[in-house]
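Reading the structure
Each chain is listed here by its residues.
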Amino acid sequence: GAVVSQHPSWVICKSGTSVKIECRSLDFQATTMFWYRQFPKQSLMLMATSNEGSKATYEQGVEKDKFLINHASLTLSTLTVTSAHPEDSSFYICSASEGGADTQYFGPGTRLTVL
Amino acid sequence: DAKTTQPTSMDCAEGRAANLPCNHSTISGNEYVYWYRQIHSQGPQYIIHGLKNNETNEMASLIITEDRKSSTLILPHATLRDTAVYYCIVGYFGNEKLTFGTGTRLTIIP
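To keep things clear, this report deals only with the structure shown in the data block.

Considerations on the sheet that holds strand 8 (residues 76-81) of chain A
Residues and elements named next belong to chain A.
- What the four strands build is an open sheet, ordered 1-3-8-7; its pairing is antiparallel. Because the sheet does not close on itself, it has two edges, and the strands there are strand 1 (4-7) and strand 7 (67-73). The sheet shows a mean angle of 15° between the axes of neighbouring strands, direction not considered.
- The sheet contact formed by strand 3 (residues 19-25) and strand 8 spans six bridges and is antiparallel. Pairing of C23 across the sheet is with S77, part of strand 8.

Structural data, given as structure tokens:
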């Protein structure tokens, strides 16, 4: 299957700082990328959908000014958590889909801990 | 998106076939059935998907009932590395969002 990478795999930051997470499709062009968040012992919750060259579509309850998403190329999307707080500590996972494909592939996830 | 219902947990003996059921009675005609699994602290791994016909790949088989209201994922010879949470999801296409339920926690017993 297709390969999606994320960087970093884990990050610890101080409250009030911003953190950027990268999601890359390594062997295909991802016209659509998705960002999910997963709290301990819970399922994945979709945060936003991004299409290359367009503004992201955020799910209800997700603050677009706090979670900045950029999908500037067909192989890279970034999620920036601005002014992070301890409640933003979570496992952030991206997925990617090639245009016309019928499957999404997920990255390995990024564990964010805000102190 | 149509919702799915899965058992919360299941056990299976190592080497035996693991059969994971999923109900999706409100599935629409052009929605696919997807199966992913998530091993602890990793991103979900794609397993298999299907629309109407049964499907098989190197990982698993997917059996979809004729009325498409339910399906079963079959892992033919379960190993300890198959211990994971298995998610059954229905969705329209690869570039459409997927809604994850709580999944089935499958434990393979030595």
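A word on the pattern of salt bridges
- Taken as a whole and assessed by the stated rule, the structure comprises four salt bridges over all chains.
- Between K97 of chain B and E59 of chain A there is a salt bridge, with its nearest N and O atoms 3.1 Å apart. In this pair, K97 of chain B is assigned in the loop between strand 8 (84-91) and strand 9 (104-109) and E59 of chain A in the loop between strand 6 (57-58) and strand 7, connecting two distinct chains.
- On the accessibility criterion, E59 of chain A (21% relative accessible area) is partly exposed.
- A salt bridge links D88 of chain A to K66 of chain A; the shortest N-O distance between them is 2.8 Å.

Side note on the side chain of R37 of chain B
All names here are of chain B.
- Residue position: R37 is located in strand 3 (residues 32-38).
- Looking at R37, its side chain comes within polar contact range of the side chain of Y86, at 3.0 Å.
- Beyond its immediate sequence surroundings of up to four residues, R37 is in contact with G43, P44, Q45, I47, M59, R81, D82, A84, V85 and Y86.

Things to note about the state of the cysteines
Residues and elements named next belong to chain A.
- By the definition in use, this model includes two disulfides over all chains.
- With its sulfur 2.0 Å from that of its partner, C23 forms a disulfide with C94. On the sign convention where negative is left-handed, the bridge of C23 and C94, at about 80° about the S-S bond, is right-handed. Here C23 is found in strand 3, whereas its partner C94 is found in strand 9 (residues 90-98), with 71 residues between them in sequence.
- Accessibility expressed as a relative area gives 0% for C23, which makes it buried.
- C94 gets classed as buried once you look at its relative accessible area, which sits at 0%.

Focus on the interface of chain A and chain B
- Across the boundary between the two partners, chain A contributes 22 residues, which contact 20 residues of chain B.
- Both faces considered, chain A and chain B share a buried interface measuring about 1600 Å² in area, 54% of it formed by carbon and sulfur atoms.
- When the buried area of chain A at its contact with chain B is split by residue, D102, Q104 and F106 of chain A rank highest and sum to 30% of it.
- Across the chain A-chain B interface, the total number found is one salt bridge.

Structural notes on the environment of A48 of chain A
- Counting through the fold element by element, A48 of chain A comes out in strand 5 (residues 45-51).
- With near-sequence residues (within four places) excluded, A48 of chain A lies in contact with M33, F34, W35, T57, Y58, E59 and I69 of chain A.

Regarding the pairing of strand 9 of chain B
All names here are of chain B.
- Residues of strand 9 alternate between two faces, with T104, L106 and I108 buried on one and R105, T107 and I109 left unburied on the opposite face.
- Inspection of the sheet shows strand 1 (residues 9-13) paired to strand 9 by five bridges, in the parallel sense. By the bridge assignment for strand 9, D11 is matched with T107.
- Across three bridges, strand 8 lies against strand 9 in antiparallel orientation. Considered in strand 9, the bridge of V85 is made with R105.

Reading guide: rules and limits
Residues numbered from 1 in each chain as written. Chains lettered and ligands numbered in written order. Predicted model: local features only at pLDDT ≥ 70, side-chain atom pairs only at ≥ 80, totals over all residues. Heavy atoms only, no water. Pairing = 2+ DSSP bridges. Helix = DSSP H or I, 4+ residues; strand = E, 2+ residues; numbered from the N terminus. Axes fitted to C-alpha atoms, helices over the stretch in contact; angles between N-to-C directions. Salt bridge = Lys/Arg side-chain N within 4 Å of Asp/Glu carboxyl O. Buried < 20%, exposed > 50% of the residue type's maximum accessible area, 1.4 Å probe, protein only. Polar contact = N/O pair within 3.5 Å; in protein donor to acceptor, adjacent residues only side chain to side chain. Contact = heavy atoms within 4.5 Å. Disulfide = S-S within 2.5 Å. Buried area = accessible area lost by both parts, 1.4 Å probe.

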